[in-house]
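Fold and geometry: a report
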Amino acid sequence: MSLSCSELTKVYEGGKTGWPALRGISLDIKMGEFVAVTGPSGCGKSTLLNILGLLDEPTGGSYSLNGRDVFTLSDLERSDTRRDEIGFVFQSFHLLNRLSSLDNVALPLLYAGADTAGMRERAHSLLLKVGLHGKEKKTPLELSGGERQRVAIARALANSPKIILADEPTGNLDSASSKEIMQMLASLNEDGITVIMVTHDKELAARAGRNIRMRDGRVEQ
Ligand SMILES: Nc1ncnc2c1ncn2[C@@H]1O[C@H](COP(=O)(O)OP(=O)(O)O)[C@@H](O)[C@H]1O
Ligand SMILES: [Mg+2]
């Protein structure tokens, strides 16, 4: 069980030649690892994470997830794999502001075809797990940044993913909330979930099991 990519490239369209965001990334990440990805703004961290999370496709190279070459999957298989195996956490939370925290967490369960009662019960227990008991009815705008990110983590956990991909999850948070979110990711990792986290914060990166430094679309070390 692992994520393994070789010579991944990504060229965004634009201009005469396009923009090479990834210039040949080769990585092996074993299931159960906690990896921090660091590097200057614009070096390709989000692009890499989106490709690893099957949100985007590379221009070249290969990628296998748990031994399966993901580029041979059909669109449906790709979206099923994304839904069932991967949870995403973003810097700006990506919650739906018109829905309660409970409904935000329940949404991926709805897409996975759960029944209403089971869905609410599961969303409830996930909110409890991230310390938001009693905040089920609040909408994101009624919550603090740290609380919003907890809702986003609960949502990411909805379909019991094996992998959590977090793109600067503490980028919009104060340092106390950042530590809490980091602690939460660390404890999910202890439960066996593979965590890959992009961060600018050297202190947080140092707490991951492994650091991958990127520069100009390549892995530096
Ligand atoms: N959708 C896009 N279209 C064109 N260029 C993009 C797009 N997304 C990112 N880029 C460019 O690709 C490079 C890498 O971006 P990104 O992966 O977001 O970097 P990081 O997350 O490390 O800040 C940047 O130069 C960025 O401007
Ligand atoms: Mg980014």
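Structure shown above.
This is a predicted model, so every value here is computed, not measured. (Residues numbered from 1 in each chain as written. Chains lettered and ligands numbered in written order. Predicted model: local features only at pLDDT ≥ 70, side-chain atom pairs only at ≥ 80, totals over all residues. Heavy atoms only, no water.)

Glancing now at the overall build of the protein. If you tally the helices and strands in the protein, you get 7 helices and 10 strands. When the backbone C-alpha atoms are referred to their principal axes, the protein occupies close to 50 × 40 × 35 Å. Taking all 221 residues of the protein together, 48% fall into the buried category. Long-range pairs, those at least 24 residues apart, make up 72% of the contacts in the protein with a sequence separation of at least 6. (Helix = DSSP H or I, 4+ residues; strand = E, 2+ residues; numbered from the N terminus. Buried < 20%, exposed > 50% of the residue type's maximum accessible area, 1.4 Å probe, protein only. Contact = heavy atoms within 4.5 Å.)

By size, the foremost hydrophobic cluster in this structure holds 38 residues, and its most contacted members are F34, L127, I153, I164, L185 and M197. Elements with a contribution of two residues or more to this core: strand 3 (34–38), helix 3 (101–111), helix 4 (116–129), helix 5 (145–157), strand 7 (163–167), helix 6 (175–190), strand 8 (194–198) and helix 7 (202–206). Counting residues in each nonpolar core, the second largest holds 28 residues, with C43, L49, L52 and I196 among its members. (Core = buried A, V, L, I, M, F, W, Y, C linked by side-chain atoms within 4.5 Å.)

This next bit is on the packing of aromatic side chains. We describe a pair of aromatic rings using the distance from one ring centre to the other and the angle between the two ring planes. Across all of its chains, the model carries 2 aromatic pairs by this definition. With a centroid separation of 5.9 Å and 10° between ring planes, the pair formed by F88 and F90 is classed as stacked. Residue class for F88 comes out buried when judged on its relative accessible area of 14%. (Phe/Tyr/Trp six-rings, centres within 6.5 Å; stacked < 30°, edge-to-face > 60°.)

Let us look at unusual backbone geometry. The phi torsion at L54 lies on the positive side, around 65°, for a residue other than glycine. Among the secondary structure elements, L54 is positioned in the loop between helix 1 (45–52) and strand 4 (60–65). L54 sits in the buried class, given a relative accessible area of 0%. Of note, H94 is a non-glycine position whose phi angle comes to about 55°, a positive value. Along the polypeptide, H94 turns up in the loop between strand 6 (86–90) and helix 3. You can call H94 partly exposed: its relative accessible area is 44%.

The next subject is the site of ligand 1. Around ligand 1, the surrounding shell consists of Y12, W19, A21, P40, S41, G42, C43, G44, K45, S46 and T47. In the environment of ligand 1, an oxygen atom lies 3.1 Å from a nitrogen or oxygen atom belonging to the backbone of G44. One of the side-chain N or O atoms of T47 is found 2.5 Å from an oxygen atom in ligand 1. Summarising the interface, the protein chains cover 61% of the accessible area of ligand 1, which totals 560 Å² for the free molecule. Listing elements by their share of the shell around ligand 1, those giving two or more residues are strand 2 (19–30) and helix 1. Among the residues forming the shell around ligand 1, the class breakdown is 5 nonpolar, 5 polar and 1 charged. (Near = heavy atom within 4 Å. Polar contact = N/O pair within 3.5 Å; in protein donor to acceptor, adjacent residues only side chain to side chain. Areas by Shrake-Rupley, 256 points an atom, 1.4 Å probe, with all protein chains shown as cover. Nonpolar A, V, L, I, M, F, W, Y, C, P; charged D, E, K, R; others polar.)

Further remarks concern the side chain of D167. As for its position among the elements, D167 is in strand 7. Buried within the structure, D167 lacks any salt-bridge partner; its nearest side chain of opposite charge belongs to K45, at an N-O separation of 6.9 Å. Among the polar contacts listed, one links the side chain of D167 to the side chain of S46, at a separation of 2.6 Å. Excluding residues that lie within four positions of it along the chain, D167 makes contacts with S46, L49, V89, F90, Q91 and V198. (Lys, Arg positive; Asp, Glu negative; His and termini not counted. Salt bridge = Lys/Arg side-chain N within 4 Å of Asp/Glu carboxyl O.)

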